[in-house]
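# Secondary and tertiary structure notes
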Amino acid sequence: MRALLVVNPKATTTSGRTRDVLIHALRSDLKLEVAQTEYRGHARDLAREAVEDGAVDLVVALGGDGTVNEVVNGLLAHGPGERIPRLAVVPGGSTNVFARALGLPNDPVEATGALLDALEHRRERGIGLGKAMTEGLPDRWFTFTAGLGFDAGVVGRVEEQRRAGRKSTHALYVTQALRHFITQREQRRSGPVSLELAGREPVPGLVLAIVSNTSPWTFLGNRPVYPSPRASFDSDLDVFGITRMTAFGTARTVRQILRSHGPSSADVAPDGPSGKHVVSYHDVRHFTLVSEEPVPFQVDGDHLGSRSRVSFTGVRRALRVIV
């Protein structure tokens, strides 16, 4: 099988030596070309070129969720189709939500072994993806989440810290979330975001809106976080929102999210966390989030600035993944 390995040399949890070992292992079973990313968006460009050249059957992303997202957007630059190469993932980031949601080991060496076993036994699956459309940006595919409002603001704060030299850790996310909660007091009381669904009255006043393409939404270390427990690669999109973030109410919702153990859990209601200020929808194909003022927007943990209107679509079986 002809394959392109897209390597992010700045991936958090892999060293040069580890990458060399992984490349050697993959070359034992694949006709492998290796390309290292050199700038933001390079992984997308490499994957798009692979599709247009028609020279490879498989694209392997070695990096974190940002690298995976870029590769996916490159593969689907012209939309889904039969001639799109398969995707495989070797996790190399700090969280690796997409790879772990697929059931892959979080260790890159173990994940490489799982990939080689999947190739040998021809294991693959079709997965659904989300697509976000907003004025001023190209359409953006996402593998596990997108968000408008509070959670995207936290992502933006973390990216600022990383640009200042801080290492991406779960502790950094928690710290920035607490700081954002403290500083956004007015926005927490009356959110500017409305959810618009065809055939229904708009749902106004959202402080945050989290769109999930799979479950969990993210991880805190080894602990999965489930705002939308029923979200799945086999369904359309789930939406979770909060209309008011008081200290007590938010703490209660966080406990519910962390207490869940996924779609089969008996610890939570079928639709996930509940409460007076909680909004949730499951398996929605099309909807739009509209804000009274520009608010932070993120896709797969990548902060994309502030936006006032974003439309979302769930696309089933958009991509085939080696698992």
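These numbers come from a predicted model, not from an experiment.

The helix and strand inventory of the protein stands at nine helices and 16 strands. The C-alpha radius of gyration computed for the protein amounts to 19 Å, which stays within 12% of the reference 20 Å derived for 323 residues, consistent with globular compactness. Taking as baseline every contact in the protein between residues at least 6 positions apart, the subset at least 24 positions apart corresponds to 74%. Of the roughly 14900 Å² of accessible surface on the protein, 48% is carried by carbon and sulfur atoms. Side-chain charges in the protein split into 40 positive and 35 negative, and the spacing between the mean points of these groups amounts to 5 Å.

Positionally, S168 belongs in the loop between α6 (150-163) and α7 (170-183). Taking relative accessible area as the criterion, S168 reaches 7% and is therefore assigned buried. Beyond its immediate stretch of four places on either side in the chain, S168 contacts T12, S94, R162 and Y173.

This part takes up the pairing of strand β8 (residues 193-196). Here two bridges tie β8 to strand β9 (residues 203-206), and the two strands are oriented antiparallel to one another. Across the sheet, the residue bridging to L195 is V203, located in β9.

With that settled, the discussion passes to α7. Taking 1.5 Å of rise per residue, the 14 residues of α7 would be expected to cover 20 Å, and the 20 Å separating its terminal C-alpha atoms lies within 8% of that figure. Of all the residues in α7, the buried ones are L172, Q176, H180 and F181. On an axial view of α7, the arc spanned by its buried residues comes to 165°, and they lie on one face. Exposed residues pointing more than 90 degrees away from the buried face of α7 are listed as L178 and I182.

Our next topic: helix α1 (residues 16-27). Helix length check: α1 (12 residues) gives 16 Å between terminal C-alpha atoms against 16 Å at 1.5 Å per residue, within 8%. Of the positions making up α1, those classed as buried are R19, L22, I23 and L26. End-on, the buried residues of α1 take up no more than an arc of 100°, which puts them together on one face. For α1, the exposed residues lying more than 90 degrees away from the buried face are R17, D20 and H24.

Per the counting criterion, the structure on display carries three aromatic pairs. Centroid distance F98 to F233: 5.7 Å. Interplanar angle 85°. Geometry classified as edge-to-face. Of this pair, F98 sits in helix α4 (residues 97-101) while F233 sits in the loop between β12 (223-225) and β13 (237-242), and the two are 135 residues apart along the sequence. Accessibility expressed as a relative area gives 0% for F98, which makes it buried. On the basis of an interplanar angle of 20° and a centroid distance of 5.2 Å, the ring pair of F287 and F312 is categorised as stacked. Here F287, found in strand β15 (residues 286-299), pairs with F312, found in strand β16 (residues 302-322); they are 25 residues apart in sequence, far enough to count as distant. Here the aromatic cluster, defined as three or more aromatic residues joined through ring pairs, consists of F142, F287 and F312.

Turning our attention to the UniProt feature "domain: DAGKc" (unreviewed entry) in the protein. Listed under "domain: DAGKc" (unreviewed entry) in the UniProt record, and renumbered for this structure, are residues 1-136. What you have in residues 1-136 is 39% helix and 25% strand, and the ends, taken at the C-alpha atoms, are 39 Å apart.

With respect to the helices and strands, T145 occurs in strand β7 (residues 145-149). Residue contacts for T145: discarding those within four places in its chain leaves I210, V211, W217, Q298, V299 and D300.

Moving on: the nonpolar core. Within the largest apolar cluster, 33 residues are counted, with the highest numbers of intra-cluster contacts made by V71, L75, L87, F98 and L319. The set of elements that each furnish at least two residues to this core consists of β1 (2-7), α2 (42-53), β3 (58-63), α3 (65-75), β4 (86-91), α4, β5 (124-133) and β16. Here this core takes five residues from α2, the largest share from any one element. One finds L197, V295, L304 and F312 within the second-largest nonpolar core, a separate group that totals 23 residues.

With that settled, the discussion passes to a nonpolar patch on the surface. Judged by side-chain polarity, V174, L178 and L220 come together as a nonpolar surface patch covering roughly 250 Å² of accessible area. Note on placement: L178 falls in helix α7. Classification of L178 as exposed rests on a relative accessible area of 53%.

Bridge count for β1 against strand β2 (residues 31-36) is six bridges, and the pairing is parallel. Note on β2: the bridge partner recorded for V7 is Q36. The parallel pair β1 and β2 is bridged by α1, and the resulting crossover is right-handed.

Conventions adopted
Residues numbered from 1 in each chain as written. Predicted model: local features only at pLDDT ≥ 70, side-chain atom pairs only at ≥ 80, totals over all residues. Heavy atoms only, no water. Helix = DSSP H or I, 4+ residues; strand = E, 2+ residues; numbered from the N terminus. Rg over C-alpha atoms; globule rule 2.2 N^0.38 Å. Contact = heavy atoms within 4.5 Å. Areas by Shrake-Rupley, 256 points an atom, 1.4 Å probe, with all protein chains shown as cover. Lys, Arg positive; Asp, Glu negative; His and termini not counted. Charge placed at Lys NZ, Arg CZ, Asp CG, Glu CD. Buried < 20%, exposed > 50% of the residue type's maximum accessible area, 1.4 Å probe, protein only. Pairing = 2+ DSSP bridges. Expected span 1.5 Å × (residues − 1). Arc of directions from axis to C-beta. Phe/Tyr/Trp six-rings, centres within 6.5 Å; stacked < 30°, edge-to-face > 60°. UniProt positions renumbered as here; feature names shortened; annotations may be inferred. Core = buried A, V, L, I, M, F, W, Y, C linked by side-chain atoms within 4.5 Å. Patch = residues over 30% accessible without salt bridge, like charges linked within 9 Å, V, L, I, M, F, W, Y side chains within 5 Å. Salt bridge = Lys/Arg side-chain N within 4 Å of Asp/Glu carboxyl O. Right-handed = clockwise from strand over helix to strand, strands pointing away.

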